[in-house]
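What follows is the residue order along each chain.
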Amino acid sequence: MQFIKLSIMTAAAMSIATAGGDVALAQPVSTSVPFADATTVNGKLTGYYITDDSTNDLFGEHHQLALGATLEVSHKFTDWLSANFSAIGYLNTLNEETYGYFEGDKKGAYFNTANLTATFANTTVVAGRQLLDTPMLQGFDWLLAPGSFEAYTLSNSSIENLTFAGSYVTKQRANNSGEFDDDLPGDNYAFGAAYDDKTMSGSIWYYNIDAAGYTQVYADVGYDFGRAKLEAQFANTDFDMGDDATALGAKVSTSYLSFDLSASYNHLADNMTGYIGWNNLYTNAWNSSVADQWMQGDIHAFKVAASKTFDALSAEVSYAQYDNDRYEADAILGYELTKDIDLGLVYSNTQSAATGDNDTNQLEFYANYKF
């Protein structure tokens, strides 16, 4: 899922490593510029086209082409305090009836991030609109811009290989939803610790999500044996109403003849697994979150994937199978035409109980120009 979508938005700041990859609790616009260059400005132009054959014609009526422009500004007041902004403008070129509008309107603009970031020794505080990327609370990164949050985030990395972090969240701008307008009622927060010494990695998180009526404990662990890496994950969701849910996962990955190969498994019991925005369960696919696949009865989900980089071309193919008569096959290509221009192509084939014997083919094309 995140293989190609990471190039949709250029935003980085502090990061904490967890099993399965680098996961950052807060990612405002880059604040790593020297104080001598107090203000930095970066931009990106995006063209994104999506189409599917749900109306029996892959290039028929169900499609949309949108254009987007992202401007990122970071200003350092001192060597420890900065203000960071990312503004996004967009235009849908086709009618709403074709596929719906990206971001919910024909055209518009909004601030996706707008925060103050302060760093004191090994402690960082981010206050305001920001990107969050914890295992079970994160901004889904797709189409023109990733989902973001209004939050207060604190992290500390004073201990070698170990990072503590916490975030109190007041508002969410879900992916592809336009301007901020979704208050999260009640108390919504996450805090955790992550360890990574390049060989062993792991994290543990606690979530209190009043807006969705649950608390949750999440943990993962990974060990790199050199030739292969083994990972495992666990999530227990305690719902205010309904049965509590348990999710287990395992993943093995290796490299062979310059191909990166992986096989993953998730087991969901008693209920769906709670999350906000997106989640890190191993068997997620481009269009499928395994956390949502639970029906009456346990779910056993499997996924295999292979990826390889050929100079400027990156490629990944994967197949995921879920117990509720759903499967998804994906092929994802990314090409770096120049250091400023990158192209992407995504093909997915999905079938579910909701579509009966009919599967859906979907194509997505995008191009980014960074300046």
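Throughout, a residue's number is its position along its own chain's written sequence, starting from 1. Under the rules for a predicted model, residues below a pLDDT of 70 receive no local features and side-chain atom pairs below 80 are neither given nor counted, while totals for whole chains, interfaces and linings still include all residues. Excluded from the side-chain calculation are hydrogens and water; included are all heavy atoms of the structure.

Some remarks on the overall build of the protein
Here's step 1: Strands here are runs of E lasting at least two residues and helices are runs of H or I lasting at least four, both read from the DSSP assignment and numbered beginning at the N terminus. The secondary structure content of the protein amounts to two helices and 25 strands.
Here's step 2: We call a residue buried when its accessible area falls under 20% of the maximum for its residue type, exposed when it is over 50%, and partly exposed in between, using a 1.4 Å probe and counting protein chains only. Residues counted as buried form 49% of the 371 residues belonging to the protein.
Here's step 3: Partitioning the intrachain contacts of the protein with sequence separation of at least 6 by distance along the chain shows that 53% fall at a separation of at least 24.
Here's step 4: What sets the accessible areas is the Shrake-Rupley method with a 1.4 Å probe; for residues, cover comes only from the shown protein chains. Here the protein has roughly 16800 Å² of accessible surface; of this, 58% comes from carbon and sulfur atoms. Throughout, a residue-residue contact means that at least one pair of heavy atoms, one from each residue, lies within 4.5 Å.

Notes on a negative patch on the surface
Here's step 1: Two joining distances apply to patches: 9 Å for like charges and 5 Å for nonpolar side chains (Val, Leu, Ile, Met, Phe, Trp, Tyr), and every residue must have over 30% relative accessible area and no salt bridge. Salt bridges are identified by distance alone: a Lys or Arg side-chain nitrogen within 4 Å of an Asp or Glu carboxyl oxygen. Only four residue types enter the tally: Lys and Arg on the positive side, Asp and Glu on the negative side; His and the chain ends are excluded. Charge positions are represented by NZ for Lys, CZ for Arg, CG for Asp and CD for Glu. Together, Asp187, Asp210, Asp238, Asp240, Asp243, Asp244, Asp270, Asp298, Asp323 and Asp325 make up a negatively charged patch on the protein surface.
Here's step 2: With respect to the helices and strands, the residue Asp270 is situated in the loop between β20 (259–269) and β21 (299–310).
Here's step 3: Residue Asp270 is classed as partly exposed on the basis of its relative accessible area, which comes to 41%.

A look at the pairing of strand β25 (residues 360–370)
Here's step 1: Pairing of strand β3 (residues 39–52) with β25 involves nine bridges; the strand directions are antiparallel. Residue pairing in the sheet places Ile50 in a bridge with Glu364 of β25.
Here's step 2: Note that strand β24 (residues 341–351) and β25 share ten bridges and pair antiparallel. In the strand pairing of β25, Tyr347 is matched with Leu363. Here, a strand pair is defined by DSSP locating no fewer than two bridges between the strands.

Focus: the nonpolar core
Here's step 1: In this structure, Leu137, Val169 and Tyr207 are the most contacted members of the largest nonpolar core, which totals 30 residues.
Here's step 2: Of all the secondary structure elements, the ones that give two or more residues to this core are β12 (148–156), β13 (162–173), β16 (200–209), β17 (214–224), β18 (228–239), β19 (245–256), β21 and β22 (313–322).
Here's step 3: Considering each element in turn, this core owes the most residues, three residues, to β16.
Here's step 4: In contact with Val169, not counting residues within four places along its chain, are Leu132, Leu137, Phe149, Glu150, Ala151, Leu184 and Asn188. Buried residues of nine kinds, namely Ala, Val, Leu, Ile, Met, Phe, Trp, Tyr and Cys, make up a nonpolar core once their side-chain atoms join them within 4.5 Å.

A few points about unusual backbone geometry
Residues apart from glycine generally show negative phi values, whereas peptide bonds are mostly found in trans.
Here's step 1: Even without being glycine, Ala121 reaches a positive phi, approximately 55 degrees.
Here's step 2: Considering the arrangement of structural elements, one finds Ala121 in the loop between β6 (107–120) and β7 (123–130).
Here's step 3: One non-glycine residue, Lys198, adopts positive backbone phi at about 80 degrees.
Here's step 4: Looking at where Lys198 falls in the secondary structure, it is placed in the loop between β15 (188–196) and β16.

Section: the pattern of salt bridges
Here's step 1: Within the structure shown, the criterion is met by five salt bridges.
Here's step 2: The salt bridge partner of Arg173 is Glu103, with a shortest N-O separation of 3.3 Å. Highlighted residues: Arg173 in strand β13 and Glu103 in the loop between α2 (96–99) and β6, separated in sequence by 70 residues.
Here's step 3: A residue is classified by how much of its surface remains accessible, and Glu103, at 2% relative accessible area, is buried.

Things to note about a nonpolar patch on the surface
Here's step 1: A cluster of nonpolar side chains, Tyr195, Met200, Val221, Tyr223, Phe225, Leu230 and Val252, forms an exposed patch at the surface whose accessible area comes to about 610 Å².
Here's step 2: Counting through the fold element by element, Met200 comes out in strand β16.
Here's step 3: Overall, the relative accessible area of 38% leaves Met200 in the partly exposed class.

Considerations on the packing of aromatic side chains
Here's step 1: To pair, rings of Phe, Tyr and Trp, with the six-membered ring standing in for Trp, must have centres within 6.5 Å; the planes then decide the type, stacked if under 30 degrees apart, edge-to-face if over 60, and tilted in the middle. Summed over the entire model, instances satisfying the criterion amount to 17 aromatic pairs.
Here's step 2: Cluster of aromatic residues (ring-pair linked, three or more members): Phe140, Trp142, Tyr275 and Trp278.
Here's step 3: Should the NZ of a Lys or the CZ of an Arg lie within 6 Å of a ring centre and within 35 degrees of the ring normal, that charge is described as sitting over the ring. The ring of Phe259 has Lys308 lying over it, and the distance from NZ or CZ to the ring centre is 4.9 Å.

Regarding the pairing of β24
Here's step 1: As defined by bridge partners, strand β23 (residues 326–336) adjoins β24 across ten bridges and the pair is classed as antiparallel. Bridged to Gly334 within β24 is Gly344.
Here's step 2: Following β23, the chain reverses through four residues before pairing antiparallel with β24.

So, the environment of Thr113
Here's step 1: Of note, Thr113 is situated in strand β6.
Here's step 2: As a C-alpha pair, Thr113 and Arg129 span 16 residues in sequence and 4.5 Å in three-dimensional space.
Here's step 3: There is a polar contact of 2.6 Å between the side chain of Thr113 and the side chain of Ser86. The term polar contact refers here to a pair of N or O atoms within 3.5 Å; inside protein, the definition further demands a hydrogen-donor-capable atom paired with an acceptor-capable atom, and it admits residues adjacent in sequence only when both atoms are side-chain atoms.

Remarks on the environment of Gly68
Here's step 1: Tracing the chain through its elements places Gly68 in strand β4 (residues 63–76).
Here's step 2: The spatial distance from the C-alpha of Gly68 to the C-alpha of Gly47 is 6.4 Å, given a sequence separation of 21 residues.
Here's step 3: Setting aside its immediate chain neighbours within four residues, Gly68 contacts Lys44, Leu45, Thr46, Gly89, Tyr90 and Leu144.

Notes on the side chain of Thr117
Here's step 1: Structurally, the position occupied by Thr117 is in strand β6.
Here's step 2: At a separation of 3.1 Å, a polar atom in the side chain of Thr117 contacts the side chain of Asn84.
Here's step 3: Side-chain polar atoms of Thr117 contact the side chain of Asn115, separated by 3.0 Å.

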